[in-house]
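Examination of the molecular architecture
Given next are the chains, with one letter for each unit.
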Amino acid sequence: MTQWSTLSELHAKTRDRRITDLFDADPNRAEDFSAGTENMRLDYSKTNIDADTRAALLALARASDLVGMRDAMFSGAPINDTETRAVLHTALRNLDGGPVMVDGTDVMPGVLATLERMRAYAEEVRASTITDVVNIGIGGSDLGPAMAAQALSPYHDGPRVHFVSNVDGADIADTLALLDAKTTLVIVASKTFTTIETMTNARTARAWMRDHGGDPATQFAALSTAEDKTADFGIDAARVFGFEDWVGGRYSVWGPIGLSLMIAIGPRAFHAFLRGGQAMDTHFRHAEGAENLPLMLALVGIWHNQICGHATRAVLPYDERLGQLPAYLQQLEMESNGKGTRRDGSHSPRDTGPVVWGAAGTNGQHAFYQLIHQGTRVIPCEFLVAAEGHEPELAHHHRLLVANCLAQSKALMQGRDLDAARTIAASKGFEGAELERQAAHRVFPGNRPSTTLIYPKLDPFTLGQIIALYEHRVFVEGVILGINSFDQWGVELGKELATSLQPVVDGEEESTDAQDPSTAALVAYLHAHRA
Ligand code: F6P
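Remember, predicted model here, so these are calculated numbers, not experimental data.

Reading guide: rules and limits
Residues numbered from 1 in each chain as written. Predicted model: local features only at pLDDT ≥ 70, side-chain atom pairs only at ≥ 80, totals over all residues. Heavy atoms only, no water. Helix = DSSP H or I, 4+ residues; strand = E, 2+ residues; numbered from the N terminus. Buried < 20%, exposed > 50% of the residue type's maximum accessible area, 1.4 Å probe, protein only. Pairing = 2+ DSSP bridges. Axes fitted to C-alpha atoms, helices over the stretch in contact; angles between N-to-C directions. Contact = heavy atoms within 4.5 Å. Parallel < 35°, antiparallel > 145°, perpendicular 65-115°, else oblique. Left-handed = near helix turned anticlockwise from the far one by under 90°. Nonpolar A, V, L, I, M, F, W, Y, C, P; charged D, E, K, R; others polar. Core = buried A, V, L, I, M, F, W, Y, C linked by side-chain atoms within 4.5 Å. Domains from an automatic or database assignment. Phe/Tyr/Trp six-rings, centres within 6.5 Å; stacked < 30°, edge-to-face > 60°. Lys NZ or Arg CZ within 6 Å of the ring centre and 35° of its normal. Arc of directions from axis to C-beta. Near = heavy atom within 4 Å. Polar contact = N/O pair within 3.5 Å; in protein donor to acceptor, adjacent residues only side chain to side chain. Areas by Shrake-Rupley, 256 points an atom, 1.4 Å probe, with all protein chains shown as cover.

Some words on unusual backbone geometry
Cis peptide bonds are those with omega within 30 degrees of zero, and the linkage from G361 to T362 qualifies with 10 degrees. Tracing the sequence through the fold places T362 in the loop between strand 11 (355–358) and helix 16 (369–374). Located in the positive-phi region is D65, a residue other than glycine, with phi close to 60 degrees. According to the relative accessible area criterion, D65 is partly exposed, its value standing at 44%. Even without a glycine there, the phi angle at T84 is positive, about 50 degrees. Along the polypeptide, T84 turns up in the loop between helix 5 (66–74) and strand 3 (101–102).

If you want it as structure tokens, here you go:
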């Protein structure tokens, strides 16, 4: 596609220029290179993107038939074409957006009926003697509600919620040790109701509840598309909340998988969360070109990863309660776009989804920011920060937090040149060759790109907007790369091999020639060293 070559040429011409020079040349750059909704602003002016680059990126999106694919997604077409499924997590937050058709049937009555059942059940649990809710799930059946529950902890007015995901017995043992089985509700969250980690933890929780005076017959609920399997497990249909296969696991927090969140924050706040997602959907569908937040976030990503060749991106929320956002985005982005095969079956001629990582600021500053500032690799950084915190009595903490966030993106862009470093070294009393050596260590190359997403306050509506923003960003990047962002074949092989290795690890089957020598030796070590 010629747009890719245009972008590569633009990169070759501009790669050595300073971002600060772009500000000198355009006094309005901060405004010109920001996009926003009514209450949210994405500033991408601290990147090397200029008007020509942006025009070429927008042309790339147009040439990829983004609008056609976007409309196909929202209209219920089976765009997950390796599983022949529609992709309609947006229907879960389409509170008053009209019908959504799948195979000629409007799915909205079913969506709204399930939401109403969730509301009634959440109210019932909140009014009951239940003190603790344990959500057992993994991947998309854990990361979304766990991240959102932490993000919205100031809104918690229901029972405490806990999340168990890992098959490592330490996870469930440490969680259950804190709880009273008589006042605990266990929610088994699994789209397929076959995931080995979740089913193993669910059976362990059921045995614990029986042994400690609880009643699994009334204190278990299930969130799943597989209602036959929830019945086999013994969960009454009245406490089973189903959803359809057009909701992907990593996109499922908006529906039944969000039940633990709804119980914690209450149906009204959950409703506001859905409204935030719906508002971002409307923005994504109607905002033009450079005004469109998910589109611009995606194009910045394509520029940095596919054109500039930066292999990773750091997500840096200056918001302690968004501490799990990087882990959530790792699944959302890397399970969606971490693929080498394109929709048409061909191998991608370019790198696909980047490595996504990060941690909450300011903690990261005292851990890995050294590499971001002075390492040899360029790491595009994505900062997130709220104008206001939830602790008015600690407003000075929040101001310090914001100052740190802004300081980091400024430092990354400006850097510190050798002359300034020499002045600092001289002020410390160094002279001659030692001054030069000391100064070299104090140089910051700068010119390191970042974006900043700023919003008024991390409330349910805003969190809904943020999650939907990233979902659509992943969608846009997937369309431009020609990838189906909604399957996950890459998780299958490991699952299959774990199933066949389990009897070998258990000692029920001999390690055979089918094992590679490394695996066979590790199994032998295990057998020799366990009690
Ligand atoms: O890891 C693969 C995966 O299928 C994810 O896509 C999914 O979110 C997770 O496992 C959990 O699946 P389930 O909800 O079916 O238990």
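A few points about the sheet that holds strand 1 (residues 34–37)
Taking strand neighbours across the sheet as the criterion, the 6 strands line up as 1-2-13-12-10-11 in an open arrangement whose pairing is mixed. The open sheet terminates on both sides in strands that have one partner only, identified here as strand 1 and strand 11. Strand-to-strand twist in this sheet, taken as the mean axis angle between neighbours without regard to direction, amounts to 15 degrees. Where strand 1 meets strand 2 (residues 40–43), 4 bridges bridge the pair, whose relative direction is antiparallel. Considered in strand 2, the bridge of T37 is made with M40. Its contacts with the sheet place helix 17 (residues 395–414) against strand 10 (312–318), strand 12 (381–386) and strand 13 (450–455), and it is angled at close to 155 degrees to strand 12.

With respect to the packing of helix 15 (residues 325–337) against helix 20 (residues 460–481)
Running from N to C, helix 15 and helix 20 point in directions that differ by 20 degrees, and their axes come no closer than 10 Å. Between helix 15 and helix 20, the interaxial angle falls into the category roughly parallel. By crossing handedness, the relation of helix 15 to helix 20 is classed as right-handed. For the pair formed by helix 15 and helix 20, the contact residues are Y328, L329, L332, E333, S336 and N337 on the first element and I467, Y470, E471, R473, V474, E477 and G478 on the second. Tallied by class, the residues present in the contact of helix 15 with helix 20 amount to 6 nonpolar, 3 polar and 4 charged.

Observations regarding the nonpolar core
Ranked by internal contacts, the top residues of the largest apolar core, which has 107 residues, are W246, L463 and F475. At 12 residues, the largest contribution of residues to this core is made by helix 20. The residue makeup of this core includes at least three contributed by each of domain 1 (3–63 + 287–414 + 448–481) and domain 2 (89–271). W246 has contacts with A86, V87, L88, H89, A91, L92, V102, V107 and V111, leaving out every residue within four places of it along the chain. Counting residues in hydrophobic clusters, the runner-up holds 21 residues, among them I136, A205, M209 and I235.

Comments concerning the packing of aromatic side chains
One pass over the full model with this rule turns up 13 aromatic pairs. Their ring planes at 50 degrees and their centres at 5.7 Å tell us that F270 and F273 sit as a pair that is tilted. Of this pair, F270 and F273 both sit in helix 13 (residues 267–286), 3 residues apart, which is roughly one turn of the helix. Of the two residues, F270 and F273, both sit in the buried class. For the ring pair F475 and F486, a centre distance of 6.3 Å and an interplane angle of 35 degrees mean the geometry is tilted. With F475 in helix 20 and F486 in the loop between helix 20 and helix 21 (492–506), the pair connects residues that are 11 residues apart, well separated along the chain. You'll find F475 and F486 in the same group, each marked buried. An aromatic cluster is defined as three or more aromatic residues linked by ring pairs; in this entry it consists of F74, Y251, F284, F475 and F486. Taking NZ or CZ as reference, R93 lies 4.3 Å from the ring centre of W254, over its face. Note that R350 overlies the ring of W4, its terminal NZ or CZ placed 3.8 Å from the centroid.

A few points about the packing of helix 7 (residues 143–151) against helix 15
For the pair helix 7 and helix 15, the least separation of the axes is 9 Å and the interaxial angle reads 155 degrees. It follows that helix 7 is roughly antiparallel to helix 15 by the angle criterion. Here the hand of the crossing between helix 7 and helix 15 comes out left-handed. Where helix 7 abuts helix 15, its residues L143, G144 and M147 lie against L325, A327, Y328 and Q331. The residue inventory of the contact of helix 7 with helix 15, partitioned by class, reads 5 nonpolar, 2 polar and no charged.

Digging into helix 8 (residues 169–176)
Residues of helix 8 that are buried: I172, T175 and L176. One side of helix 8 holds all its buried residues, which, seen down the axis, span an arc of 90 degrees. Of the surrounding secondary structure, the elements contacted by the buried residues of helix 8 are strand 5 (132–136), strand 6 (160–164) and helix 9 (196–211).

A word on the site of the ligand
Inspection of the region around the ligand gives 14 residues, with S141, S190, T192, T195 and E335 positioned closest. Measuring from an oxygen atom of the ligand, one finds a backbone N or O atom of G140 at 2.7 Å. For the ligand, an oxygen atom lies 2.6 Å from a polar atom in the side chain of T192. In the complex, the protein chains occlude 87% of the 390 Å² of accessible area that the ligand would expose alone. Partitioned by chemical class, the residues of the shell around the ligand number 2 nonpolar, 9 polar and 3 charged.

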